[in-house]
Amino acid sequence: MSNPGTGPAMAPNGVQDGRPELLVLRALKLGDLLVAVPALKALRRTFPEHRLRYAAQGWLSEALGLVGGYELFPTHGLDEPLAIEPGVVDVAVNLHGSGPESQDRIEALQARQTIGHRSQYRDGPPWRAELHERERWVRLLEWHGIEADPLDIHLNRPHVPSPVPGSTVLHVGAAYGSRLWPAERFAAVASTLAAAGHNVVFTGGSGERDRALDVCRRAGFAEDTVLAGRLGLAEFAATIAAARLVISADTGAAHLASAYGTPSVVLFGPAPPEIWGPPPGPHVVLTRAELRRGDTFADQPDPALLAVTVQDVMAAARGLGVM
């Protein structure tokens with residue numbers, strides 16, 4: 001045992017681990033974690049003797065467990081310095097971005113080795129805005145001599161079973177209004193799927209439960225079909241992994257469907273699928289790129305999303321062979 005803040009590889013409770021420490025900074029959301037999985041797996045293979053930590057919001061701990069091999073280092077955004085003494089981290093990896101905020105947080109660690117994009121501090125690959133997120137982080141590692149596969153996206157199975165195996169999941173929420181497909185359209189899709197024999201459930205976070213209830217009522221379903229706000233992250237992942245079909249905006253639910261190979265229809269609004277879309281597999285992207293306004297933080301749905309119709313979604317489901 002040792003006092004907190006001294007020695008290498010210090011555990012959050014102050015227990016010295018003894019291994020060299022690798023820390024990944026990606027203080028973002030669930031979808032951001034999931035598109036970084038190929039890079040995280042490559043780092044795990046390359047540094048098998050290191051203690052691996054992932055700096056992000058604490059609520060992502062269960063999802064990080066599905067990647068395997070990493071401990072969560074609770075970090076809320078980039079507002080505060082990382083609570084690690086300089087010199088403790090052996091390898092620091094910036095998977096957050098290329099801006100001065102994330103670069104400064106990484107540089108403050110004074111790690112023996114730093115992996116990041118080109119900056120005022122050190123060399124690296126230039127940032128290329130047009131790259132898919134999975135490709136971006138793989139390319140970063142490859143520049144630093146680390147082999148990675150952008151399609152190595154699969155996650156461990158959750159340690160809990162799905163509460164509704166074989167159900168069709170309509171994930172009706174999203175972080176911003178720009179990604180919210182109209183409730184009445186989700187309801188119409190739900191009704192059509194139910195008539196075709198699907199067991200439909202509605203998911204979302206606790207803050208999205210009211211919206212999920214609204215969709216449920218519009219579709220004429222029983223309230224117990226609304227799982228929004230009732231599932232932990234592991235249960236949510238298990239629900240997606242065991243689903244017959246997932247329909248959602250470009251959210252964490254869509255990335256989980258990709259990771260588990262679950263058939264999915266993904267509705268894109270402000271974000272381009274060329275950057276955030278699913279990998280090859282049983283996944284269909286719906287959007288109208290020529291109408292995209294691209295304001296992620298807007299209160300109203302992006303025109304590219306509003307142009308997607310109920311008929312478009314049903315045609316995509318039929319194309320996936322789940323109807």
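Parameters at a glance
- Residues numbered from 1 in each chain as written.
- Predicted model: local features only at pLDDT ≥ 70, side-chain atom pairs only at ≥ 80, totals over all residues.
- Heavy atoms only, no water.
- Buried < 20%, exposed > 50% of the residue type's maximum accessible area, 1.4 Å probe, protein only.
- Helix = DSSP H or I, 4+ residues; strand = E, 2+ residues; numbered from the N terminus.
- Salt bridge = Lys/Arg side-chain N within 4 Å of Asp/Glu carboxyl O.
- Pairing = 2+ DSSP bridges.
- Right-handed = clockwise from strand over helix to strand, strands pointing away.

(A) Structural context of helix 2 (residues 37-46). Across the ten residues that make up helix 2, a large majority, seven, are buried. Within the sequence span of helix 2, burial applies to Val37, Pro38, Ala39, Leu40, Lys41, Ala42 and Leu43.

(B) The arrangement of the pattern of salt bridges in detail. What the rule picks out here adds up to 15 salt bridges. Between lysine 41 and aspartate 152 there is a salt bridge, with its nearest N and O atoms 3.1 Å apart. Of this pair, lysine 41 sits in helix 2 while aspartate 152 sits in the loop between helix 5 (133-143) and strand 6 (168-171), and the two are 111 residues apart along the sequence. Classification of aspartate 152 by relative accessible area gives buried; the value is 18%. Among the salt bridges present, the one from glutamate 130 reaches arginine 128, with a minimum N-O distance of 2.7 Å. Take arginine 128: its relative accessible area is 33%, and that puts it in the partly exposed class. Each of Arg26, Asp32, Glu133 and Arg136 takes part in salt bridges that share partners, so that together they form one network.

(C) Molecular detail of the pairing of strand 8 (residues 245-249). When you tally the buried positions in strand 8, you get five out of five residues, the bulk of the element. Here strand 8 shows two buried faces, one formed by Leu245, Ile247 and Ala249 and the other by Val246 and Ser248. Examined bridge by bridge, strand 6 and strand 8 share four bridges and lie parallel to one another. Across the sheet, residue threonine 168 finds its bridge partner in strand 8, namely leucine 245. Bridge count for strand 8 against strand 9 (residues 264-267) is four bridges, and the pairing is parallel. Of the residues in strand 9, the one forming a bridge with isoleucine 247 is valine 265. Between strand 8 and its parallel partner strand 9, the chain crosses via helix 9 (residues 252-260), and the hand of that crossover is right-handed.

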